[in-house]
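# Fold and geometry: a report
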Amino acid sequence: MAKPADTKTARKAAPVKASRSAAETEKIREALAARRDELREEYESTLTEIAELQRDRLTDSAGDDQADTGTKTFEREQEISLANNILDRINQVERALERLDDGQYGWCERCGNPIPVERLAAFPSATLCVTCKQLEERR
(Lines give C-alpha, C1' and ligand atoms only; values in the text may rest on other atoms or scores of the structure.)
Protein backbone atom coordinates (compact mmCIF):
# COMPACT_ATOMS: atom_id res chain seq x y z
CA MET A 1 0.00 0.00 0.00
CA ALA A 2 1.36 3.43 -0.92
CA LYS A 3 1.51 6.05 1.79
CA PRO A 4 -0.15 9.41 1.14
CA ALA A 5 2.29 12.24 0.54
CA ASP A 6 3.38 14.02 3.71
CA THR A 7 1.96 17.53 3.52
CA LYS A 8 4.91 18.99 5.42
CA THR A 9 7.46 17.79 2.91
CA ALA A 10 5.37 18.20 -0.21
CA ARG A 11 6.48 21.18 -2.22
CA LYS A 12 4.14 23.66 -3.76
CA ALA A 13 4.29 23.83 -7.49
CA ALA A 14 5.81 27.08 -8.62
CA PRO A 15 3.27 29.32 -10.30
CA VAL A 16 3.45 29.28 -14.04
CA LYS A 17 4.90 32.60 -15.11
CA ALA A 18 3.14 34.13 -18.04
CA SER A 19 5.57 35.56 -20.53
CA ARG A 20 5.37 39.17 -21.60
CA SER A 21 5.52 40.21 -25.17
CA ALA A 22 8.72 41.83 -26.34
CA ALA A 23 6.83 45.11 -26.79
CA GLU A 24 5.52 45.02 -23.19
CA THR A 25 8.97 44.22 -21.85
CA GLU A 26 10.52 47.05 -23.85
CA LYS A 27 7.86 49.50 -22.67
CA ILE A 28 8.58 48.56 -19.05
CA ARG A 29 12.34 48.79 -19.65
CA GLU A 30 11.99 52.28 -21.16
CA ALA A 31 9.85 53.48 -18.25
CA LEU A 32 12.31 52.10 -15.68
CA ALA A 33 15.32 53.51 -17.53
CA ALA A 34 13.65 56.93 -17.76
CA ARG A 35 12.92 56.85 -14.02
CA ARG A 36 16.52 55.83 -13.28
CA ASP A 37 17.82 58.71 -15.41
CA GLU A 38 15.50 61.20 -13.63
CA LEU A 39 16.71 59.99 -10.26
CA ARG A 40 20.35 60.22 -11.33
CA GLU A 41 19.82 63.82 -12.42
CA GLU A 42 18.10 64.58 -9.11
CA TYR A 43 20.98 62.92 -7.22
CA GLU A 44 23.63 64.92 -9.09
CA SER A 45 21.68 68.12 -8.53
CA THR A 46 21.36 67.34 -4.82
CA LEU A 47 25.09 66.67 -4.51
CA THR A 48 25.86 69.96 -6.25
CA GLU A 49 23.47 71.80 -3.94
CA ILE A 50 25.01 70.15 -0.86
CA ALA A 51 28.50 71.20 -1.98
CA GLU A 52 27.36 74.80 -2.55
CA LEU A 53 25.64 74.94 0.83
CA GLN A 54 28.72 73.51 2.50
CA ARG A 55 30.91 76.20 0.90
CA ASP A 56 28.48 78.87 2.06
CA ARG A 57 28.49 77.49 5.59
CA LEU A 58 32.28 77.46 5.73
CA THR A 59 32.57 81.07 4.63
CA ASP A 60 29.76 82.20 6.94
CA SER A 61 30.78 80.46 10.16
CA ALA A 62 32.62 83.28 11.88
CA GLY A 63 31.07 84.04 15.24
CA ASP A 64 28.95 80.89 15.38
CA ASP A 65 28.04 79.60 18.80
CA GLN A 66 27.27 75.99 19.70
CA ALA A 67 23.62 76.28 18.71
CA ASP A 68 24.54 77.60 15.25
CA THR A 69 27.06 74.81 14.76
CA GLY A 70 24.51 72.22 15.88
CA THR A 71 21.89 73.58 13.52
CA LYS A 72 24.29 73.50 10.57
CA THR A 73 25.33 69.95 11.42
CA PHE A 74 21.69 68.86 11.64
CA GLU A 75 20.87 70.48 8.29
CA ARG A 76 23.90 68.87 6.64
CA GLU A 77 22.89 65.43 7.96
CA GLN A 78 19.36 65.92 6.61
CA GLU A 79 20.70 66.86 3.18
CA ILE A 80 23.01 63.84 3.11
CA SER A 81 20.13 61.62 4.21
CA LEU A 82 17.99 62.92 1.33
CA ALA A 83 20.82 62.24 -1.13
CA ASN A 84 21.23 58.70 0.23
CA ASN A 85 17.48 58.16 -0.14
CA ILE A 86 17.68 59.11 -3.81
CA LEU A 87 20.64 56.76 -4.24
CA ASP A 88 18.62 53.92 -2.68
CA ARG A 89 15.78 54.59 -5.13
CA ILE A 90 18.26 54.50 -8.04
CA ASN A 91 19.49 51.12 -6.80
CA GLN A 92 15.90 49.83 -6.56
CA VAL A 93 15.18 50.82 -10.16
CA GLU A 94 18.44 49.25 -11.36
CA ARG A 95 17.51 46.06 -9.53
CA ALA A 96 14.09 46.13 -11.21
CA LEU A 97 15.85 46.37 -14.59
CA GLU A 98 18.00 43.36 -13.68
CA ARG A 99 14.88 41.43 -12.64
CA LEU A 100 13.27 42.37 -15.96
CA ASP A 101 16.29 40.96 -17.82
CA ASP A 102 16.11 37.75 -15.74
CA GLY A 103 12.38 37.33 -16.33
CA GLN A 104 11.62 37.81 -12.62
CA TYR A 105 10.10 41.27 -12.85
CA GLY A 106 6.51 41.37 -11.64
CA TRP A 107 6.86 38.26 -9.47
CA CYS A 108 7.13 38.32 -5.67
CA GLU A 109 10.60 37.41 -4.42
CA ARG A 110 9.20 35.79 -1.31
CA CYS A 111 6.15 33.75 -2.36
CA GLY A 112 6.55 33.67 -6.15
CA ASN A 113 3.05 34.98 -6.83
CA PRO A 114 2.48 37.72 -9.39
CA ILE A 115 2.65 41.29 -8.12
CA PRO A 116 -0.58 43.09 -9.05
CA VAL A 117 -0.28 45.42 -12.03
CA GLU A 118 -1.74 48.24 -9.92
CA ARG A 119 1.11 47.87 -7.41
CA LEU A 120 3.72 47.87 -10.17
CA ALA A 121 2.10 50.95 -11.71
CA ALA A 122 2.33 52.78 -8.37
CA PHE A 123 5.74 51.40 -7.39
CA PRO A 124 7.52 50.01 -10.49
CA SER A 125 10.49 48.65 -8.55
CA ALA A 126 8.34 46.55 -6.18
CA THR A 127 9.81 43.13 -5.43
CA LEU A 128 7.12 41.87 -3.04
CA CYS A 129 3.40 41.34 -3.47
CA VAL A 130 1.06 43.30 -1.22
CA THR A 131 0.61 40.43 1.26
CA CYS A 132 4.35 39.77 1.67
CA LYS A 133 5.07 43.49 1.98
CA GLN A 134 2.46 43.82 4.73
CA LEU A 135 4.01 40.88 6.58
CA GLU A 136 7.47 42.45 6.24
CA GLU A 137 6.26 45.78 7.61
CA ARG A 138 4.68 44.15 10.65
CA ARG A 139 8.02 42.72 11.75
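Scroll up to find the structure this text is about.
My aim in this report is to walk through the structure given alongside it, one point at a time. (Residues numbered from 1 in each chain as written. Predicted model: local features only at pLDDT ≥ 70, side-chain atom pairs only at ≥ 80, totals over all residues. Heavy atoms only, no water.)

Let us look at the overall build of the protein. Assigned secondary structure in the protein consists of four helices and zero strands. Secondary structure elements of the protein, listed N to C terminal, follow the sequence α-α-α-α. Residue burial in the protein is summarised as follows: out of 139 residues, 24% are buried. Of the contacts made within the protein by residues no fewer than 6 positions apart, 54% connect residues no fewer than 24 positions apart. Of the roughly 10500 Å² of accessible surface on the protein, 52% is carried by carbon and sulfur atoms. (Helix = DSSP H or I, 4+ residues; strand = E, 2+ residues; numbered from the N terminus. Buried < 20%, exposed > 50% of the residue type's maximum accessible area, 1.4 Å probe, protein only. Contact = heavy atoms within 4.5 Å. Areas by Shrake-Rupley, 256 points an atom, 1.4 Å probe, with all protein chains shown as cover.)

Moving on, we get to the packing of helix α1 (residues 22-59) against helix α2 (residues 66-102). One can describe the packing of α1 onto α2 by two numbers: an axis separation of 9 Å at closest approach and a directional angle of 160°. Compared by their axis directions, α1 and α2 come out roughly antiparallel. Crossing of α1 against α2: the hand is left-handed. Taken together, the residues of the contact of α1 with α2 sort by class into 17 nonpolar, three polar and 13 charged. (Axes fitted to C-alpha atoms, helices over the stretch in contact; angles between N-to-C directions. Parallel < 35°, antiparallel > 145°, perpendicular 65-115°, else oblique. Left-handed = near helix turned anticlockwise from the far one by under 90°. Nonpolar A, V, L, I, M, F, W, Y, C, P; charged D, E, K, R; others polar.)

The subject of this paragraph is α2. In this model α2 runs 53 Å from its N-terminal to its C-terminal C-alpha over 37 residues, within 8% of the 54 Å that 1.5 Å per residue would give. Within the span of α2, buried status applies to Lys 72, Glu 79, Ala 83, Ile 86, Ile 90, Val 93, Ala 96, Leu 97, Arg 99 and Leu 100. In this fold, the buried residues of α2 make contact with α1. In the segment just after α2, Gly 103 is the residue with positive phi, at about 80°. (Expected span 1.5 Å × (residues − 1).)

On to the environment of Leu 32, then. Tracing the backbone shows Leu 32 in helix α1. Judged by its relative accessible area of 2%, Leu 32 falls in the buried class. Linking Leu 32 and Ala 96, residues 64 residues apart in sequence, is a C-alpha distance of 7.7 Å. Setting aside anything within four residues of it in sequence, one finds Leu 32 in contact with Val 93, Ala 96, Leu 97, Tyr 105 and Pro 124.

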